[in-house]
Amino acid sequence: MAHIVILGAGTGGMPAAYEMKAAVGKKHEVTVINEKKDFQFVPSNPWVAVGWRERKDISIPIEKYLNKRKINFINQRVDKIDASNSKLELDNGESVDYDYLIIATGPRLAFEEVEGSGPEGFTESICVTDHAEVAWAKYQKLLENPGPIVIGAMPFASCFGPAYEFAFIVDADLRKRKIRDKFPMTYVTSEPYIGHLGLGGVGDSKSMLESELRNHHINWITNAKTTKVEKGKMFTDELNAAGETIKQHEIDFDFAMMLPAFKGVDAVVAVPDLCNPRGFVIVDELHRNPIYKNIYSAGVCIAIPPVEVTPVPTGTPKTGYMIESMVTAIVHNIADELADKTPSTTATWNAICLADMGDTGAAFVAIPQIPPRNVAWFKKGKWVHLAKIAFEKYFIRKMKKGTSEPLYEKYILKLLGIEKLE
């Protein structure tokens, strides 16, 4: 009997557990290890930060639902990965042996790269629910004492969609309260242009998002190399295409939410030859590490080169559909190895995304995610806002059910009228 361990229980790790168990059944053991006891639906965090959702609405207890599918759960932090001996050391002093390891930890939030940033500094985050709840508390204080708002992304950020979402969600919330006129807003981003998204743009994303920001009275600064944050003030160098500073901004704010750069989590980074310089797991086309053949990885924690060189460094996002494809490939490849077959399944790095904008939304399809593309499609409409609300409920319901079916393909592709992304 083989022991397959999944490190992480987020939007990659939980589906990986269900799909892996469905593939190997009773013949092999599947264990999930996660520091937190609850699964959190991260795409809903922008709503938590304005009080539209509470933690209970977007989280479920991991152990309860994994155990229903005969999947083990260990609620501990992994402090060390002994990859040479296929062993994990936990923070409680115990160890876990594995035959195969799937790393799906997500990233470490590298607030330290910009002085004064992060919830322990002077900016908020919506990357995890804990941070979103802190942002909601700060937002309520802002409502009592109106002032300028800054939203955006730091250098080396790679997931820009939530920043756009949050800017428009805050705008929509303030308009609903009929107090939008009291809050100047600025979008500050490391992207070379609005709508770049870490993807080199998708379809008409540049013109469409510029138009939306303009129509919602949100100013913007692109090619923004934010260098320091103090209480109520953000210091940003605006660069030109050659990477030269053309203007230095000191931006006043009473509330700021800036997405940080991502890096690999400490235990993963510490494994020799496993990661790139920023701590992301190096994988081949099978999503297997070239050095440690029994370690696979999926999601935000894997190494993907940037789409293009930009004046301020930006990373490439790993969207939900893309992560789902990675997980499926890994499951098939491990199942093949267990059956003494040669693994051969590769992931399809295509992107589909539903981005909420408060009372409307934007959807995009990029096939493949990294250009040049066969399909680049970007549309806006109230239906996207409604679809994302419905998908949130659908995804959480399926996590409770323990489904091993491809959720993004089953729901969003059907919604968009697409049978399959090729």
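One structure accompanies this document, and this report is about it. (Residues numbered from 1 in each chain as written. Predicted model: local features only at pLDDT ≥ 70, side-chain atom pairs only at ≥ 80, totals over all residues. Heavy atoms only, no water.)

**Structural notes on the packing of aromatic side chains**
Right, on to step 1. In total, this model carries twelve aromatic pairs according to the counting rule given.
Right, on to step 2. A centroid spacing of 6.2 Å and a plane angle of 35° characterise the contact between tryptophan 136 and tyrosine 139, whose relative ring orientation is tilted. A residue pair is termed a helical-turn pair when its members lie 3 or 4 positions apart in one helix, as tryptophan 136 and tyrosine 139 do in helix H5 (residues 129–144) at three residues.
Right, on to step 3. Taking the relative accessible area as the measure of exposure, tyrosine 139 reaches 0% and is therefore buried.
Right, on to step 4. On the numbers, 4.5 Å between centres and 25° between planes, the contact of tyrosine 164 with tyrosine 187 is stacked. Of this pair, tyrosine 164 sits in helix H6 (residues 161–176) while tyrosine 187 is found in strand E12 (residues 185–188), placing the two residues 23 residues apart along the sequence.
Right, on to step 5. Here the aromatic cluster, defined as three or more aromatic residues joined through ring pairs, consists of Phe39, Phe41, Phe391, Tyr394, Phe395 and Tyr408. (Phe/Tyr/Trp six-rings, centres within 6.5 Å; stacked < 30°, edge-to-face > 60°. Helix = DSSP H or I, 4+ residues; strand = E, 2+ residues; numbered from the N terminus. Buried < 20%, exposed > 50% of the residue type's maximum accessible area, 1.4 Å probe, protein only.)

**Considerations on the sheet that holds strand E7 (residues 87–90)**
Each strand in a sheet pairs with another by means of backbone hydrogen bonds, the pair being arranged parallel or else antiparallel.
Right, on to step 1. Pairing is antiparallel across the open sheet formed by three strands, whose spatial order is E6-E7-E8. Each of the sheet's edge strands pairs with one partner strand only, and the pair in question is strand E6 (78–82) and strand E8 (95–97). Across the sheet, the mean angle from the axis of one strand to that of its neighbour is 20°, orientation sign disregarded.
Right, on to step 2. Here three bridges tie E7 to E8, and the two strands are oriented antiparallel to one another. Within E8, the residue paired with leucine 88 across the bridge is valine 96. (Pairing = 2+ DSSP bridges. Axes fitted to C-alpha atoms, helices over the stretch in contact; angles between N-to-C directions.)

**Considering a positive patch on the surface**
Right, on to step 1. Residues Lys64, Lys68, Arg69, Arg397, Lys400, Lys401, Lys410 and Lys414 make up a contiguous surface patch of positive charge.
Right, on to step 2. Of all the secondary structure elements, the ones that give two or more residues to the positive patch are helix H10 (382–401) and helix H11 (407–416).
Right, on to step 3. The topology assignment puts lysine 68 in the loop between helix H4 (62–67) and strand E5 (72–74). (Patch = residues over 30% accessible without salt bridge, like charges linked within 9 Å, V, L, I, M, F, W, Y side chains within 5 Å. Areas by Shrake-Rupley, 256 points an atom, 1.4 Å probe, with all protein chains shown as cover. Salt bridge = Lys/Arg side-chain N within 4 Å of Asp/Glu carboxyl O. Lys, Arg positive; Asp, Glu negative; His and termini not counted. Charge placed at Lys NZ, Arg CZ, Asp CG, Glu CD.)

**Overview of helix H1 (residues 13–24)**
Right, on to step 1. For H1, built from twelve residues, the straight-helix expectation of 16 Å at 1.5 Å per residue is met to within 8% by its first-to-last C-alpha distance of 16 Å.
Right, on to step 2. Burial analysis of H1 places ten of its twelve residues in the buried class, the great majority of the element.
Right, on to step 3. Regarding H1, the residues found buried are Gly13, Met14, Pro15, Ala16, Ala17, Tyr18, Glu19, Met20, Lys21 and Val24.
Right, on to step 4. Once H1 finishes, glycine 25 follows within two positions and takes phi at roughly 60°, a positive value. (Expected span 1.5 Å × (residues − 1).)

**Here's the deal with the pairing of strand E20 (residues 351–356)**
Right, on to step 1. Where burial is concerned, most of E20 is hidden: five out of the six residues are buried.
Right, on to step 2. Pairing analysis gives six bridges linking E20 to strand E21 (residues 361–367), with the strands arranged antiparallel. Across the sheet, the residue bridging to leucine 354 is alanine 363, located in E21.
Right, on to step 3. The hairpin turn running from E20 into E21, its antiparallel successor, is four residues long, and glycine 358 in that turn takes a positive phi close to 90°.

**Points about the side chain of asparagine 289**
Right, on to step 1. You can see asparagine 289 is positioned in the loop between helix H8 (266–269) and strand E19 (295–297).
Right, on to step 2. Among the polar contacts listed, one links the side chain of asparagine 289 to the backbone oxygen of isoleucine 282, at a separation of 2.8 Å.
Right, on to step 3. Polar contacts involving the side chain of asparagine 289 include one to the main-chain amide nitrogen of isoleucine 291, which spans 2.9 Å.
Right, on to step 4. Apart from the residues within four sequence positions on either side, asparagine 289 is in contact with Asp273, Leu274, Ile282, Val283 and Ile295. (Polar contact = N/O pair within 3.5 Å; in protein donor to acceptor, adjacent residues only side chain to side chain. Contact = heavy atoms within 4.5 Å.)

**Things to note about the sheet that holds E5**
Right, on to step 1. Strands sit in the order E5-E2-E1-E9-E19 across an open sheet of five strands; the sheet is parallel. Single-partner strands in this sheet number two, and they are E5 and E19. Along the sheet, successive strands turn relative to each other by an average axial angle of 20°, direction set aside.
Right, on to step 2. Across four bridges, the pairing between strand E1 (residues 3–7) and strand E9 (residues 100–103) is parallel. From the neighbouring strand, isoleucine 4 faces E9, where its bridge partner is tyrosine 100.

**Quick notes on empty space enclosed by the protein**
Right, on to step 1. Going through the model one piece at a time under the given rule, you end up with two cavities of 30 Å³ or more.
Right, on to step 2. Counted as a void, the largest cavity has a volume near 120 Å³.
Right, on to step 3. If you go around the largest cavity, you meet 18 residues; those closest to its centre are Pro15, Glu19, Glu324, Glu405 and Leu407.
Right, on to step 4. Listed by contribution, the elements that provide at least two residues to the lining of the largest cavity are H1, helix H9 (320–338), H10 and H11.
Right, on to step 5. Tallying contributions element by element places H9 first for the lining of the largest cavity, with five residues.
Right, on to step 6. Residue classes in the lining of the largest cavity are distributed as nine nonpolar, six polar and three charged.
Right, on to step 7. Its volume calculated, the second largest cavity comes out at about 40 Å³.
Right, on to step 8. Taken together, Ala110, Phe111, Glu113, Val114, Ser117, Met154, Pro155, Pro260 and Ala261 make up the lining of the second largest cavity.
Right, on to step 9. Grouping the constituent residues of the lining of the second largest cavity by class yields seven nonpolar, one polar and one charged. (1 Å grid on protein atoms, 1.4 Å probe; cavity = no way out; pocket = protein on both sides within 12 Å on 5 of 7 lines; lining within 4 Å. Points joined across faces, edges and corners; volume = space filled by probe spheres on them. Nonpolar A, V, L, I, M, F, W, Y, C, P; charged D, E, K, R; others polar.)

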